[in-house]
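Here is what each chain is made of, one letter per residue.
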Amino acid sequence: MVMGETPGGNGVDGEADPIGPIVHPTAPTAPRAGRAPVRSVVHTACPYCGVGCGLLARPDGRGGATIAGDPAHPANHGKLCSKGAALGETLGLGTRLLHPMMRQGAGPLRRVSWDDALGRVAEGFRTAIERHGPDSVSFYLSGQLLTEDYYAANKLAKGFLGTANVDTNSRLCMASTVSGHRRAFGSDTVPGVYADLDLADLVVLVGSNAAWCHPVLFRRLEAARAARGTRLVVIDPRHTATASEADLALHLNPGKDTIIFAGLLAFLAEAGRLDTAYIAAHTSGFEAALARARALAPDIDAAARASGVPAADLAAFYRLFAETERVVTAFSQGVNQSAQGTDKVNAIINCHLATGRIGRPGMGPFSLTGQPNAMGGREVGGLANQLAAHMVFTPEAIDRVGRYWRAPRMATREGLKAVALFEAIAERRIRALWVMGTNPAVSLPEADRQRKALAQLDFLAISDNVLASDTLACQPHVALPALGWGEKDGTVTNSERRISRQRPFLPPPGEARRLGFAGAFGWDGPAAVFREHAGLSAFENDGTRDFDLGALATVDTAAYDALAPVQWPVRAGETTGETRFFAEGGFFTPDRRARFVAPEAPALAQPASPAFPLVLLTGRTRDQWHTMTRTGLSPRLGGHAPAPFVAMNPADAARRGIGAGDLVRLSSPHGAATLLAQLSADQPPGTLFAPIHWSDTTASGARVNALIGAEVDPVSGQPESKGAPVRAERVDAATRGILLVRGAAPVRDAAPWSAAWWADVAVAGGHARLFADARDATAWRQALWREEAWRQAGASGTAVEHDDGPAGLYRAARFDADGRVAAALFIGPAVAPPRLDAVKHLLEQANVAPEARRALLRGVDAAGSPGPQVCACFGVGRHALERLVAAEPGVDLATLGERLKAGTACGSCRPELCRLLRPAAAAP
Ligand code: SF4
């Protein structure tokens, strides 16, 4: 058992202050009511991706905190990516939901007491159960919840309400990995650990832009490559930042991953590279899987034709894999988010089982989870087809869990998975829903339809920590304020099965203290929930289940507070350490053998057609997270991709008359979105890429999940988010503009005038709105001075304008009494729009002298601007980097760092810096 080893014992460091050079001060935040629990350094965990980095948080006593990487945490050894490093900028209360709210009839949400709000929730659920039975109620949870939250919700629904309609946004993220693991291993077990990336000689990344989406892990891989020459193969349709770093990049056609691994299995058999002893001793189903592989990819040429990867590249990969003993195949959303994701996972696992390369140092299949606690959710049964503690709905497990919980009303069958759950809502089979910490009106496929479904519920409760979201706009009956990161107390589990404490370092704001189920279940805090959860994992286990925290089942509250990061299993009576699974077999199937799985022939669920000829892939950008409710608050995270965009191949764009930066309307049978065109040869012809982050709260009509169909994997229920048929058309506008407004309030509140298209972004000192409209510059000028919000901006100061009608330019600024820009408007023709990177610094300027004000407007252009942001930590732009590269041929990464500091802090931009240094390598 590993407890009490964290410096400072209870996760709080006293005199020693290990915060090193990577220190990022917070933005000023509103003072919080209540007493901060601590004023020194707290060891906690990052709330974003599944890498699960450890953090040191030093609260400033004013509601903010300084954040640094925790050198003692085994997941990151002190490193952070841009998102983790900017956490201090996201702690303000300006966008927080702070009080329970309730709606009467069709009226708006109004503040009420906790008693009233919780009473209404209980009544909503009770009424639905009485009238329509237990399966008429449901919970939709989030991979951002802590394990203890998840455990409580799951226990309440599956043990006490009698329904398994408890699903989570992790369904959209890694459900196919769960299914693939269970089919192959008999359990949802990640066999390996992060250290395998240090020890491998070959790392294969499949459907993973790790350089952007798991950056700290990617930097660990970079270090291993530098130290021992680890080869890197990337399999992805796009030439991503990750692919640009690879020794070999295989750009397959969307959805064809199974072909590549079927071809690999056939090749390994042909080349005599199988581990026949391992296959014979520990597996079953090999012959059928090999026969299917040979049918799908009889030889390399056939695999090349079917996958779209050049035969020579496939042959090189197959030889490399065959000849390298230490291979890790890490996979992520490009594999999971597919209507055949489970088959893809099993096609990968098949190759590792066939070579016996599993569970030994430096080898194995490795799932990189997207969310910070997707793994914890899996552990407690947060998915509708799981029970608890990695048990599923067998009669024995239902009986076992029921006895452990002393549950009066155990659910006896699997519940509805996310997409099916929302279908049931639309069909009125589900009448009451409680959404916790997620934004399904944005993130589910066919998002427009889901929004309508939410509005049909007899009762909708939402607990969240934001005041505005697309889901909160769906007229919930009750909205409950949730604690946010920095306030919550519990545990999360990362991609390598490591449980870390998320500790509070800020006082709960508003009335968020009473949120939770603790009272109803008699727990006196998260330690008690954790003990019960750990106890269930060990209950009647005896080595029959992988997930076992038996050694932690009696942990007292002080030891729970002090819990150091620990990897499961943590069995009673055993010492803990780095644990791998399956090197010697011991799978969790009835006969303890792994199962080879024969995958189906791959095909997109909805192929492109003449009406919808392009294939849309969705994903993440480097510096944003989910629907930006937290990362969207950080100015430095807003600089890298400030507006919703769609990446297109230049040939596809030219055929449609679309130029770089044009507005593009994407439409599919399910919906539409309007985005800015980003032209790149890295985007394969016939495909598009658009990020998932924007919602109706941050832009107009930029929710890309409105375009995605609801076709799901038949085993996992995970929707196909990468592979939607769409068409693209240019949208004409007369003018494009940027409005800058000082202060914390989003632009929409400061200037509620409408434009045909808009997107908001945080900038240093305030907010910016980028917009496009049919009005010309003159019409904008007339509208501007009628606008009350404009007249009020800096009302005690002065205003200037620059009007160049013939050029289609209009610029105006208002200054406050201190001479600072209070608000500024820039209008230009749509063919030459104003650039955000050229103007956003204006809010940072102090006291612009009166004589300089008009010149300031006249001189605003892109010529001297730093360009689109590349390095978030030091605000280094592409233009500045390109100027240095052009001036000094042969300049290297170290020199870019010395001269401009780029890439010298979090390092998330290093792949982009490398690409700038060798542009020829960027072409696929
Ligand atoms: Fe957070 Fe970045 Fe670490 Fe992921 S890689 S856990 S986002 S700091």
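That block above? That's the structure.
The text that follows walks through the structure, step by step, so that each part is easy to find.

Reading the values: the criteria
Residues numbered from 1 in each chain as written. Predicted model: local features only at pLDDT ≥ 70, side-chain atom pairs only at ≥ 80, totals over all residues. Heavy atoms only, no water. Helix = DSSP H or I, 4+ residues; strand = E, 2+ residues; numbered from the N terminus. Buried < 20%, exposed > 50% of the residue type's maximum accessible area, 1.4 Å probe, protein only. Contact = heavy atoms within 4.5 Å. Areas by Shrake-Rupley, 256 points an atom, 1.4 Å probe, with all protein chains shown as cover. Lys, Arg positive; Asp, Glu negative; His and termini not counted. Charge placed at Lys NZ, Arg CZ, Asp CG, Glu CD. Pairing = 2+ DSSP bridges. Axes fitted to C-alpha atoms, helices over the stretch in contact; angles between N-to-C directions. Phe/Tyr/Trp six-rings, centres within 6.5 Å; stacked < 30°, edge-to-face > 60°. Lys NZ or Arg CZ within 6 Å of the ring centre and 35° of its normal. Near = heavy atom within 4 Å. 1 Å grid on protein atoms, 1.4 Å probe; cavity = no way out; pocket = protein on both sides within 12 Å on 5 of 7 lines; lining within 4 Å. Sits in = over half its atoms within 2 Å of the grid points. Nonpolar A, V, L, I, M, F, W, Y, C, P; charged D, E, K, R; others polar. Core = buried A, V, L, I, M, F, W, Y, C linked by side-chain atoms within 4.5 Å. Points joined across faces, edges and corners; volume = space filled by probe spheres on them.

## Details of the overall build of the protein
Here comes step 1: The helix and strand inventory of the protein stands at 32 helices and 35 strands.
Here comes step 2: The principal-axis extent of the C-alpha atoms belonging to the protein is close to 85 × 65 × 60 Å.
Here comes step 3: The 924 residues of the protein split such that 63% are buried.
Here comes step 4: Residue pairs at least 24 apart in sequence account for 72% of intrachain contacts in the protein once pairs closer than 6 positions are excluded.
Here comes step 5: Within the structure as shown, the protein displays about 31,100 Å² of accessible surface, and the carbon and sulfur contribution to it stands at 53%.
Here comes step 6: Of the side-chain charges in the protein, 96 are positive and 91 negative, and the distance between the mean point of each set is 2 Å.

## Re the sheet that holds strand β9 (residues 202-206)
Here comes step 1: Read from one edge of the open sheet, five strands run β11-β10-β9-β13-β14, paired in parallel fashion. Whereas interior strands pair on both sides, the edge strands pair on one side only; in this sheet they are β11 (248-250) and β14 (364-367). On average, each strand axis in the sheet is inclined to that of its neighbour by 20 degrees, with strand direction left out of account.
Here comes step 2: Sheet analysis places strand β13 (residues 327-331) next to β14, joined by four bridges and oriented parallel. By the bridge assignment, F331 is partnered in β14 with S367.

## Considerations on the packing of aromatic side chains
Centre-to-centre distance and the angle between the planes together describe a pair of aromatic rings.
Here comes step 1: For the structure shown, the criterion picks out 28 aromatic pairs.
Here comes step 2: A ring pair is formed by F139 and W434, whose centres lie 6.0 Å apart and whose planes are at 25 degrees; its orientation type is stacked. Placement of F139 in strand β7 (residues 137-141) and of W434 in strand β15 (residues 432-436) is noted, with a sequence separation of 295 residues between them. The same class applies to F139 as to W434, namely buried.
Here comes step 3: With 5.6 Å between their ring centres and 40 degrees between their planes, F267 and Y318 make a pair best called tilted. Of this pair, F267 sits in helix α8 (residues 257-270) while Y318 sits in helix α12 (residues 311-323), placing them 51 residues apart in sequence.
Here comes step 4: An aromatic cluster is built from F185, F547, W568, F581, F582, F587 and F588, whose rings are joined through pairwise contacts.
Here comes step 5: One cation-aromatic arrangement involves R501 over Y560; the distance from NZ or CZ to the ring centre is 4.1 Å.
Here comes step 6: For the cation-ring pair, R775 lies above W780, with the distance from its terminal atom to the ring centre recorded as 4.1 Å.

## Structural notes on the pairing of strand β27 (residues 722-731)
Here comes step 1: Here strand β22 (residues 614-619) pairs with β27 via four bridges, running antiparallel. Residue V615 lies in a different strand from β27, and its bridge partner there is P725.
Here comes step 2: Note that strand β24 (residues 663-668) and β27 share five bridges and pair antiparallel. Counted as the bridge partner of L666 is A728 from β27.

## Points about the environment of L881
Here comes step 1: Along the chain, the position of L881 falls in helix α30 (residues 878-887).
Here comes step 2: Using a relative accessible area of 0% as the deciding quantity, one classes L881 as buried.
Here comes step 3: Through-space distance from the C-alpha of L881 to that of L917 is 9.3 Å; in sequence the pair is 36 residues apart.
Here comes step 4: The residues contacting L881, other than those within four sequence positions of it, are V870, V876, L896, L900, A902, L913 and L916.

## Quick word on the site of the ligand
Here comes step 1: The local shell around the ligand consists of C46, Y48, C49, V51, G52, C53, L80, C81, K83, G84, P215 and V216.
Here comes step 2: Of all the cavities here, the one that holds the ligand is the largest cavity.
Here comes step 3: Broken down by class, the residue content of the shell around the ligand amounts to nine nonpolar, two polar and one charged.

## Description of the nonpolar core
Here comes step 1: Within the largest apolar cluster, 113 residues are counted, with the highest numbers of intra-cluster contacts made by F139, I235, F261 and F317.
Here comes step 2: Ranked by the residues each element gives to this core, the list is headed by α8, at eight residues.
Here comes step 3: Leave out the neighbours within four places in its chain, and F261 touches V206, I235, F317, T329, A347, I348 and C351.
Here comes step 4: Grouped together as the second largest cluster of nonpolar side chains are 49 residues, L675, A702, A728 and L740 included.

## Focus: unusual backbone geometry
Here comes step 1: Here the amide bond leading from W568 into P569 is cis, since omega sits at 10 degrees, within 30 degrees of zero.
Here comes step 2: Phi at M628 takes a positive value of approximately 65 degrees, unusual for a residue other than glycine.
Here comes step 3: With respect to the helices and strands, the residue M628 is situated in the loop between β22 and α23 (635-638).

## Re the sheet that holds strand β20 (residues 566-567)
Here comes step 1: If you walk across this open sheet you meet the three strands as β18-β19-β20, and the pairing is antiparallel. Either end of the sheet is taken by a strand with one partner, and the two such strands are β18 (490-493) and β20.
Here comes step 2: Pairing of β18 with strand β19 (residues 498-502) involves four bridges; the strand directions are antiparallel. Looking at the pairing, T493 lines up with I499 of β19.

## Thoughts on empty space enclosed by the protein
Here comes step 1: For the structure on display, the rule yields five cavities of 30 Å³ or more.
Here comes step 2: Of the volumes computed, that of the largest cavity is approximately 100 Å³.
Here comes step 3: Contributing to the lining of the largest cavity are C46, Y48, C49, V51, G52, C53, L80, C81, K83, G84, P215 and V216.
Here comes step 4: Going through the elements one at a time, α1 (82-85) and α7 (215-228) are the ones with two or more residues in the lining of the largest cavity.
Here comes step 5: Looking at the lining of the largest cavity, its residues break down into nine nonpolar, two polar and one charged.
Here comes step 6: In this structure, the second largest cavity spans a volume of roughly 70 Å³.

In short, shape yes, function no, at least from these values alone.
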